[in-house]
Amino acid sequence: MKLYKKTFLFISTSLFLIVSLFSNIKILITEIAPNESGDKTDWIEFFVLEDGNLENVEVYEGNALLKTFGNINLKKGDYFVLNLKSNEKDIFEKNQKGYYDFYSTDSGLVATKNQIKILDKEKNILDQVFYENKVGTYSDAFFLKNIKMGQSISRKVNENEFFNTNSSKNDFEISEIQTKGFFNGKEETNNEDDENDENLDLKILINEISPDNEEADWIEFFVSKGNGTLKDLSLYVGKTEIFKFPDAEVKEKEYFVLNFQAEEGKENIKTSFWNFYSDNSGLVATDSIIYIKYKNKFMDAICYADSDGFFSKSNKEVLLELIKNEVWDPLKYDENNLEKNCFIWKTDYTKTLKNKTISRKQDSFGLPIDKNTPLNFEVGKATKGEGKLVIEDTFLDKEAGIEFLQKTFSPYNDYKFNTIKIKYKNPKNTTLKIKIYDIRMRLIKNLIETDEEGLNFLEWNGKGNDNSIMPVGIYIFYYEFIDKNRGEILKGKKPIVLGKKL
């Protein structure tokens, strides 16, 4: 019986400690917009330093209670925003922009001689900010001459690119660009023109780079989301802008390539994918950072280094900026050795890098992985402008071939292509198998199994094994070349879009 009591006491104590630890939330006030007007509400942004629960946590303006929060668990790194002058109900899930929204009917903040503070459930001050619009009586105040609508009071970051955790006037600044719900410096535009921006949902990945190509260096890009124009898209190497893309239309799941060392007057062309040309001398295959910006906002990046013990100050600054803007997310942030946060190829790769590439790995559907961590990149065979297929050089690799003549079609006779056309080269004594799967990797169609050698063509009309037309969506072509003498197998898969006119 005593054993049960001790066990129960131990469990109870453990639960109490777990609850106590989880309730011990730590929060910073990171940004305040105290002078909004019209339809815009004043707001306060908070950042979670340690996991915990918001229940009975309070926010004050001076001695006036603005908000008492309810029961919601938050994680380290979460942002949440208190919106004033609003009758809306709290939302206990992150919004589309990645932060939590809470609301108060308070009439708003006054941009003079204010103290904003947040208290835990034991009434301990977690953080506080003083501000005023002229020199006054607050010795710790952040002195502002004036703060206008559209500006905010933002917490600075320290030399390690993390928030200062003090609350002195030296730790804050007036920001001309409000960054509601984001790390200071990651711009969230308030430009109403964005509502009409056709590229607002466009997402482009740097998919593959060939930094030591015998003919000419090149970079391959993949449109992972949306349709739009490449106008306002720029490419940077380190801190240097090296290419502005022209006003060219791209579509979701398309590839396009930027080629270097081009002859003067070389025109951009589109065959199965866009080829753009630059007379820039090319890339340097050591310790480089490449990234793209859309309207001066970071969109994607790739970082690579050869682990030579030297990483330039300029590259360190760029990498920190990429980390801050969440376009490069190292698995383990090591501020003392930032080179570790890049993709590093081994010494034995340096002799074989010519005509190889550094490229993103693919998911099970053959699509580039949209995560910028070192583990998502690898050195492999060049696959310029097409779906990636990294394999060793084999007999089949040299003799076999398969090409998809277009990537989008509609079996409903409402598009210029109503079938997918495939060109393939089958070596002697080789069996070719092609199957079609849906995005859940369920078998849709056994398209072909043939031993016929030579160059041939094949089509898929969008129908499954039961002869019914498949729904609109992404499908996966899976193929195998099987050498019957050597036992070698060459495998590959490519995404194909089956569409329909709206």
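Quantities reported herein were computed from a predicted structural model and do not represent experimental measurements.

S.K.: Any chance you could explain the overall build of the chain here in plain terms?
M.R.: Scanning the chain from N- to C-terminus turns up three helices and 35 strands. For the chain, with 502 residues in total, the buried portion stands at 47%. Across the chain, every contact between residues at least 6 apart in sequence was considered, and the portion connecting residues at least 24 apart equals 56%. Just so you have it, the chain exposes about 26500 Å², and 48% of that area is on carbon and sulfur atoms.

S.K.: Sorry if this is basic, but what is going on with a nonpolar patch on the surface here?
M.R.: Where nonpolar side chains cluster on the molecular surface, the patch consists of Leu 405, Leu 455 and Phe 457 and spans about 320 Å² of accessible area. Within the fold, Leu 455 resides in strand β33 (residues 454-460).

S.K.: Would you mind going over helix α2 (residues 313-324) with me for this structure?
M.R.: Turn by turn, an α-helix covers 3.6 residues, leaving residues three or four places apart pointing in a common direction. Under the 1.5 Å per step criterion, the end-to-end length of α2 is 17 Å for 12 residues, consistent within 8% with the ideal 16 Å. Among the residues of α2, those classed as buried are Asn 315, Val 318, Leu 319, Leu 320, Leu 322, Ile 323 and Lys 324. Those residues of α2 that are buried lie in contact with β23 (288-294) and β24 (297-305). One or two positions beyond α2, positive phi appears at Glu 326, with a value near 65°.

S.K.: Can you walk me through the packing of aromatic side chains in this structure?
M.R.: Any aromatic ring pair is given by two values, namely how distant the centres are and how the planes are angled relative to each other. A full pass over the atoms with the stated rule returns 23 aromatic pairs. Through a chain of ring-to-ring contacts, three or more aromatic side chains come together here, namely Phe 221, Phe 243, Phe 245, Phe 256, Trp 274 and Phe 276. In this structure, Lys 293 is placed above the aromatic ring of Tyr 236, and the distance from its NZ or CZ to the ring centre is 5.4 Å. A cation over an aromatic ring shows up here: Lys 500 above the ring of Tyr 412, its NZ or CZ 4.7 Å from the ring centre.

S.K.: I would appreciate a short explanation of the pattern of salt bridges in the present structure.
M.R.: Opposite charge on two side chains makes pairing possible when the charged atoms of those side chains draw close. Across all of its chains, the model carries 13 salt bridges by this definition. The salt bridge involving Arg 360 is made with Asp 300; its shortest N-O contact spans 2.6 Å. Within this pair, whereas Arg 360 is found in strand β26 (residues 356-360), its partner Asp 300 is found in strand β24, the two being separated by 60 residues in sequence. Here Arg 360 and Asp 300 have matching classes, each one buried.

S.K.: Looking at this structure, I do not really get the side chain of Ser 86. What am I missing?
M.R.: Within the secondary structure, Ser 86 is located in the loop between β7 (79-83) and β8 (100-103). Here Ser 86 is in contact with Tyr 103, Ser 104 and Thr 105, once residues within four sequence places are set aside.

S.K.: Can you walk me through the nonpolar core in this structure?
M.R.: With 49 residues, the main nonpolar core has Phe 221, Leu 235, Phe 245 and Phe 256 as its most contacted residues. Once residues lying within four places of it in the same chain are set aside, the contact partners of Leu 235 are Ile 219, Phe 221, Thr 240, Glu 241, Ile 242, Phe 243, Phe 245, Leu 258, Phe 260, Ile 290, Tyr 291 and Ile 292.

S.K.: What am I meant to see in unusual backbone geometry here?
M.R.: Both trends apply: most residues other than glycine have a negative phi, and most peptide bonds are in trans. Of note, the phi angle at Lys 123 is positive, near 70°, even though the residue is not glycine. As for its placement among the helices and strands, Lys 123 is situated in the loop between β9 (114-119) and β10 (125-132). For Lys 123, a relative accessible area of 45% corresponds to the partly exposed category. Not every positive phi belongs to a glycine, and Asp 232 is a case in point at roughly 80°. Here Asp 232 lies in the loop between β16 (228-229) and β17 (233-237).

S.K.: Before we go on, may I ask you to explain the state of the cysteines in this structure?
M.R.: In protein chemistry, a disulfide is the covalent bond that joins the sulfur atoms of two cysteines. If you walk through the whole model with that rule in mind, you get one disulfide. Each sulfur of the disulfide joining Cys 303 and Cys 342 lies 1.6 Å from the other. Here Cys 342 lies in the loop between α2 and β25 (343-344) and Cys 303 lies in strand β24, a separation of 39 residues in the sequence. For Cys 342, a relative accessible area of 2% corresponds to the buried category.

S.K.: Would you explain the environment of Gly 473 in this entry?
M.R.: Relative to the helices and strands, Gly 473 resides in strand β34 (residues 473-483). Those residues in contact with Gly 473, other than ones at most four positions away along the chain, are Ile 496, Val 497 and Leu 498.

S.K.: Is there a simple way to think about the side chain of Thr 229 in this case?
M.R.: Tracing the backbone shows Thr 229 in strand β16. Judged by relative accessible area, which is 8%, Thr 229 ranks as buried. Only 3.2 Å separates the side chain of Thr 229 from the backbone nitrogen of Lys 231, close enough to count as a polar contact. Here the side chain of Thr 229 touches Asp 247 through a polar contact of 2.4 Å, side chain to side chain.

S.K.: Whenever I open this one, the environment of Phe 69 confuses me. Can you help?
M.R.: As for its placement among the helices and strands, Phe 69 is situated in the loop between β5 (64-68) and β6 (73-74). With relative accessibility at 2%, the residue Phe 69 sits in the buried group. Spatially, the C-alpha atoms of Phe 69 and Val 57 are 5.5 Å apart, while their sequence positions differ by 12 residues. When neighbours within four sequence positions are excluded, Phe 69 is seen to be in contact with Leu 54, Glu 55, Asn 56, Val 57, Val 59, Phe 80 and Phe 102.

S.K.: Is there a simple way to explain the confidence of the model for the chain in this structure?
M.R.: Close inspection of predicted coordinates is inappropriate for parts of the model with low pLDDT. Within the chain, residue pLDDT values average 79, and 81% of them lie at 70 or more. At the low end of the mean pLDDT range in the chain sits helix α1 (residues 2-23), at 38; at the high end sits strand β4 (residues 58-61), at 94. Segment residues 185-198: pLDDT under 50, and 25 contacts once partners within four positions in sequence are set aside and those in other chains are kept. Note on residues 389-393: pLDDT under 50 across the span, and 13 contacts to partners over four residues away in sequence or across chains.

S.K.: Honestly, the sheet that holds strand β35 (residues 489-498) in this entry has me stumped. Any pointers?
M.R.: Strand-to-strand pairing in sheets goes through backbone hydrogen bonds, with the strands running parallel or antiparallel. Read from one edge of the open sheet, five strands run β29-β35-β34-β31-β32, paired in mixed fashion. Looking along the sheet, the strands with just one partner apiece sit at the ends: β29 (408-409) and β32 (443-450).

S.K.: Mind showing me how you'd approach the sheet that holds strand β20 (residues 255-259) here?
M.R.: Taken together, the seven strands give an open sheet; going across it, the order is β21-β22-β20-β15-β14-β26-β27, and neighbouring strands pair in mixed fashion. Edge positions in the sheet fall to β21 (269-270) and β27 (377-381), since each has one partner strand and no second. Direction of pairing for β20 relative to strand β22 (residues 274-277): parallel, over a ladder of four bridges. The partner of Leu 258 across the bridge, within β22, is Phe 276.

Rules and cut-offs
Residues numbered from 1 in each chain as written. Predicted model: local features only at pLDDT ≥ 70, side-chain atom pairs only at ≥ 80, totals over all residues. Heavy atoms only, no water. Helix = DSSP H or I, 4+ residues; strand = E, 2+ residues; numbered from the N terminus. Buried < 20%, exposed > 50% of the residue type's maximum accessible area, 1.4 Å probe, protein only. Contact = heavy atoms within 4.5 Å. Areas by Shrake-Rupley, 256 points an atom, 1.4 Å probe, with all protein chains shown as cover. Patch = residues over 30% accessible without salt bridge, like charges linked within 9 Å, V, L, I, M, F, W, Y side chains within 5 Å. Salt bridge = Lys/Arg side-chain N within 4 Å of Asp/Glu carboxyl O. Expected span 1.5 Å × (residues − 1). Phe/Tyr/Trp six-rings, centres within 6.5 Å; stacked < 30°, edge-to-face > 60°. Lys NZ or Arg CZ within 6 Å of the ring centre and 35° of its normal. Core = buried A, V, L, I, M, F, W, Y, C linked by side-chain atoms within 4.5 Å. Disulfide = S-S within 2.5 Å. Polar contact = N/O pair within 3.5 Å; in protein donor to acceptor, adjacent residues only side chain to side chain. pLDDT = per-residue confidence, 0-100. Pairing = 2+ DSSP bridges.

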